[in-house]
Amino acid sequence: MFNKSRIEQFKHLPTPFYYYDMELLKETLDLIHTESSKYGYHVHYAVKANANPKIMKLVQSYGFGADCVSGNEVTRSLETGFSADKIVYAGVGKSDREILTALEAGIFCFNCESIPEIELINELAEQTNKTARIAIRINPNVDANTHHYITTGIEENKFGINRWEFDSVLETLEKSKNIKLEGLHFHIGSQITDTEVFKGLCIRVNEIQQWFNDRQIFVDHLNVGGGFGIDYDQPDVNPISDFVTYFGIFNQFLDLKPNQQLHFELGRSVVAQCGSLISKVLYIKNGAKTKFAILDAGMTELLRPALYQAYHKIENITSVETEEVYDVVGPICESSDSFGKAVSLPATKRNDLIALRSAGAYGETMASRYNLRDIAESIFSDELK
Ligand SMILES: *Cc1c(COP(=O)(O)O)cnc(C)c1O
């Protein structure tokens, strides 16, 4: 991933920083574009994965839309060139102000997660003389077989509208004159690597769409969300996820009506592999049982390990010594501020550079200033000579 001259450049930069391989990002976007275009599918980029303006502008240049989960993400998407008619907006807790922002912009679609939300959007649309296009986000009760913190499509989750509420939703829509139902939306979770799960989703979506059709309700589009996983174990072997298979599954198993559009919302699989968090070793400390490699980056730069025991490959990119075992930790005053236990690394010393791989998604966007830490810089491969 990093050649010698790149590592030399890294040595002169203040750490920690996020590094983005823009060539890999372009290759990934090229493949997504080619494979989704084959079937005329519409791809929205899930902004919460990485909201860096430079990255968003590049994604936007491929003609993709944006998938937002806050009013500020809608604003950022507009600022980075996404056209309003390609913006979708989900989230269980949209505030009045956020809804007004999106109404004002004239976004493509609100993905609505509850009856009270539909009622509020209708009320605000009426006040501003607008008609809001909505999709109902349905909880299809499909288990994504992923970490429970990133599972969103089973009944115990807070997301989406459950099946037993469909009749009440239809009654609410009947009364909501400033709302137009245009789609059915689903998003069952993240980091899904088992493609059988998407096949299961297709079958469930077909059944649910039939339920609506039986009641003479037909929608212009289906939106099957995102959630396609990446290879955290071997980022250099599989730098780009298998989008050929991914889009092919929907083509094979999902029943689209004539002229019905299919939309996707991909986040992690677009940006995760192009990013690494580059950090310096501050100290090697002998613990009671283990040696700690203490980095200058921690959970404030990459929260996923502390938040949901996520694995990121850890590489010492400046040492070629024989391997030893370390607990690799950050400097933050929390015991969960750890990137990996019993990690084999080439013998590591103060000032070595450590790369935490596959950090392009849910890295920078989850950064915090806890402990009053500085926010890390972003460095792009195409800006290093
Ligand atoms: C987070 C999110 C996505 C993107 O998920 P990835 O796993 O990053 O692809 C898509 N849709 C919605 C509604 C989301 O909340």
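Residues numbered from 1 in each chain as written. Predicted model: local features only at pLDDT ≥ 70, side-chain atom pairs only at ≥ 80, totals over all residues. Heavy atoms only, no water.

Per an unreviewed UniProt entry, the protein chain goes by the name Diaminopimelate decarboxylase and belongs to Marinifilum caeruleilacunae. Its UniProt record gives the protein chain the following Cofactor (unreviewed entry) comment, quoted word for word: "pyridoxal 5'-phosphate". Per UniProt, the protein chain has the following entry under Sequence similarities (unreviewed entry): "Belongs to the Orn/Lys/Arg decarboxylase class-II family." (UniProt positions renumbered as here; feature names shortened; annotations may be inferred.)

Chemist: I'd like a rundown of the domain arrangement of the protein chain, residues and numbers included.
Modeler: Domain assignment breaks the protein chain into domain 1 (4-17 + 273-383) and domain 2 (23-272). Between domain 1 and domain 2, the C-alpha centre-to-centre distance is 32 Å. Of the residues lining the interface, 25 residues belong to domain 1; the matching set on domain 2 comes to 25 residues. Taken over both partners, the interface formed by domain 1 and domain 2 buries close to 2200 Å², and the fraction arising from carbon and sulfur atoms is 51%. Here domain 1 is connected to domain 2 by three salt bridges. Among the salt bridges present, the one from lysine 54 reaches aspartate 382, with a minimum N-O distance of 3.0 Å. Linking domain 1 with domain 2 are 19 residue pairs in polar contact (both at pLDDT 80 or more). Mapped by element, the contributors of at least two residues to the side of domain 1 that touches domain 2 are helix H11 (304-308) and strand S16 (377-380). Per-element accounting of the side of domain 1 that touches domain 2 gives the leading share, three residues, to H11. (Domains from an automatic or database assignment. Contact = heavy atoms within 4.5 Å. Buried area = accessible area lost by both parts, 1.4 Å probe. Salt bridge = Lys/Arg side-chain N within 4 Å of Asp/Glu carboxyl O. Polar contact = N/O pair within 3.5 Å; in protein donor to acceptor, adjacent residues only side chain to side chain. Helix = DSSP H or I, 4+ residues; strand = E, 2+ residues; numbered from the N terminus.)

Chemist: Describe in detail the pattern of salt bridges, supporting the description with residues and values.
Modeler: Between side chains of opposite charge, a pair can form when the charged atoms approach closely. Inspection of the entire model under this criterion finds 14 salt bridges. We note a salt bridge from glutamate 35 to lysine 38, for which the minimum N-O separation is 2.8 Å. Given the relative accessible area of 6%, glutamate 35 is considered buried. The partner of arginine 373 in a salt bridge is glutamate 301, with the nearest N and O atoms 2.9 Å apart. With arginine 373 in the loop between strand S15 (353-356) and S16 and glutamate 301 in the loop between strand S11 (291-295) and H11, this residue pair connects regions lying 72 residues apart in the sequence. (Buried < 20%, exposed > 50% of the residue type's maximum accessible area, 1.4 Å probe, protein only.)

Chemist: Give a description of the layout of surface pockets that names residues and reports values.
Modeler: There is about 630 Å³ of room inside the largest pocket. Around the largest pocket, the lining comprises 35 residues; the ones closest to its centre are Lys48, Val69, Thr152, Phe159 and His187. Looking at the lining of the largest pocket, the elements that each hand over two or more residues are strand S9 (261-266) and helix H10 (268-271). Here the lining of the largest pocket is composed, by residue class, of 13 nonpolar, 14 polar and eight charged. A domain split of the lining of the largest pocket shows at least three residues from each of domain 1 (4-17 + 273-383) and domain 2 (23-272). (1 Å grid on protein atoms, 1.4 Å probe; cavity = no way out; pocket = protein on both sides within 12 Å on 5 of 7 lines; lining within 4 Å. Points joined across faces, edges and corners; volume = space filled by probe spheres on them. Nonpolar A, V, L, I, M, F, W, Y, C, P; charged D, E, K, R; others polar.)

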